[in-house]
Amino acid sequence: MTKQQNKGNTVAIITMFFMFAMVSFVTNMAAPFGNIWKTHYEWSGMLGNMMNFAAYLIMGIPAGKLLSRIGYKKTALVALGTGFVGMLVQFLSSFMAIGISALFVYLLGAFICGFCVCMLNTVVNPMLNTLGGGGNRGNQLIQTGGACNSLVATLTPLLAGAMIGTITKNTAMSDVRPLLLIALAVFAVSFCIIYFVTIPEPNLNKTVAKKTNDPYSAWSFRHLVLGVIAIFFYVGVEVGIPGELNFYLSDPGKMGAGLGEGAAVIGGAIVAIYWLLMLVGRLISSAISSKVSTRKQLTAVSEVAIVLVLTAILIPSTVRVTMPGFIDGEFIMREVPLEALFLVLCGLCTSVMWGGIFNLAVEGLGKYTEQASGIFMMMVVGGGIMPLIQNRVARVAGYMNSYWIILGMLAFILFYALYGSRNVNKDIPTE
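Residues numbered from 1 in each chain as written. Predicted model: local features only at pLDDT ≥ 70, side-chain atom pairs only at ≥ 80, totals over all residues. Heavy atoms only, no water.

### A few points about a nonpolar patch on the surface
- A cluster of nonpolar side chains, Leu276, Val280, Ile284, Ile288 and Leu348, forms an exposed patch at the surface whose accessible area comes to about 350 Å².
- Here the element with the most residues in the nonpolar patch is helix α8 (residues 263-288); it accounts for four residues.
- Within the secondary structure, Val280 sits in helix α8. (Patch = residues over 30% accessible without salt bridge, like charges linked within 9 Å, V, L, I, M, F, W, Y side chains within 5 Å. Areas by Shrake-Rupley, 256 points an atom, 1.4 Å probe, with all protein chains shown as cover. Salt bridge = Lys/Arg side-chain N within 4 Å of Asp/Glu carboxyl O. Helix = DSSP H or I, 4+ residues; strand = E, 2+ residues; numbered from the N terminus.)

Here's what the structure looks like:
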């Protein structure tokens, strides 16, 4: 490889890392915004998150086709333009009086933003895997990009929580208007950056004619099919653990953690620790992935996560522990239920799962990788469906009992790591 190619790849990798961060910036606004709407309509807490992820179900496969037709760069630009529109719609909702109409406008904006993050994910994951040459190196780049994702995920709820403060019946989207303005500026700047950056286009450079009578597809590979189910559950786990924990800690009612004044701020700070630990986990994974296989990493973190969640469910909520928080710009230590600590620690485990599942599921797919990437993005809708189901269970059976759903999904991911991820269809031609 020439120096010019190395330089081009380095620029492309850095660009993909930046877009990975953008995905997190958009996605992690849903939970704190949901806290605002939840005070006015109890049933609406997870709807913004649901709309964000529902877009994946619609856009996943079209995004894969778009990638094949116009390439990585143009797909990214379309995504960023779409994200700007989505944020603009949410920004307009902040000028409306609290009511069903304002909620619908906000949800429309969240839905449009879902199209944006779906397209960005479709670009980022296969691109990093390709630049790394697949295998452990491909996983290493995905995990490093995931670290950028987690860094922004750590800062977003902290910033939103600080702006919202203590949630009351008077809290509205207007309280986070500055954050929405920042988001609009970030999208505009990002569009300009991507426009002037050169990104390799391996899909557009392929001149091999496609066979119209090919009897196979990505669905022909068992490990891809099971990986699609695993990614559906994984996103439900990643979003559900901190999302429901945020609701639990911020809830001033009898079912809540009883944190009193500033509960939303404390909840945001503790959830931020979860995302911070995801950052730590991905940095560790990126450092060891050249030596420790993806399958071993995924197996280990699945087992540990199961233990942590089970402990959080079974431990009495009266047992307390001191954790860090922020109130009025000051760092404090606040007493919270011990179960919150165990759930926060799950961030170290979930950090490795996305890259691990994607890397294992596309291994050996060859020409079917692009199709598989689109299918994967479609199944990210699990991040909207499963937390919504979990939230409904929480309202009936209590917050901690809703984590039995998380436990079941983690069990399937462990099964995938141990057995489901093995390619048993190696006889299918992939060139």
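### Points about the packing of helix α3 (residues 47-93) against helix α13 (residues 382-397)
- With their axes 7 Å apart at the nearest point, α3 and α13 run at an angle of 150° to one another. Relative to α13, the element α3 lies roughly antiparallel. In this structure, α3 uses Asn49, Met50 and Phe53 to contact α13, whose residues at the interface are Gly383, Gly384, Ile385, Pro387 and Leu388.
- Taken together, the residues that form the contact of α3 with α13 break down as five nonpolar, three polar and no charged. (Axes fitted to C-alpha atoms, helices over the stretch in contact; angles between N-to-C directions. Parallel < 35°, antiparallel > 145°, perpendicular 65-115°, else oblique. Contact = heavy atoms within 4.5 Å. Nonpolar A, V, L, I, M, F, W, Y, C, P; charged D, E, K, R; others polar.)

### Things to note about the packing of helix α10 (residues 338-345) against helix α11 (residues 347-361)
- Relative to each other, α10 and α11 sit at 25°, their axes nearing to 5 Å. The angle between α10 and α11 falls in the class roughly parallel. Side by side, α10 and α11 meet where Leu343, Val344 and Leu345 of the first sit next to Gly347, Leu348 and Cys349 of the second.
- Here the contact of α10 with α11 is built from residues that sort into five nonpolar, one polar and no charged.

### Comments concerning the packing of aromatic side chains
- Overall, the coordinates contain ten aromatic pairs when judged by the stated rule.
- Ring geometry for Tyr248 versus Tyr399: centroids 5.4 Å apart, planes at 50°, classification tilted. Here Tyr248 is found in helix α7 (residues 222-250), whereas its partner Tyr399 is found in the loop between α13 and α14 (403-420), with 151 residues between them in sequence.
- Taking relative accessible area as the criterion, Tyr248 reaches 5% and is therefore assigned buried.
- For Tyr399, a relative accessible area of 7% gives the class buried.
- A centroid spacing of 5.3 Å and a plane angle of 75° characterise the contact between Phe358 and Phe376, whose relative ring orientation is edge-to-face. Of this pair, Phe358 sits in helix α11 while Phe376 sits in helix α12 (residues 369-379), and the two are 18 residues apart along the sequence.
- The ring of Tyr195 is capped by Lys73, whose NZ or CZ atom sits 5.8 Å from the centre of that ring.
- Above the ring of Phe95, the side-chain terminus of Arg177 is found at 4.0 Å from the ring centroid. (Phe/Tyr/Trp six-rings, centres within 6.5 Å; stacked < 30°, edge-to-face > 60°. Buried < 20%, exposed > 50% of the residue type's maximum accessible area, 1.4 Å probe, protein only. Lys NZ or Arg CZ within 6 Å of the ring centre and 35° of its normal.)

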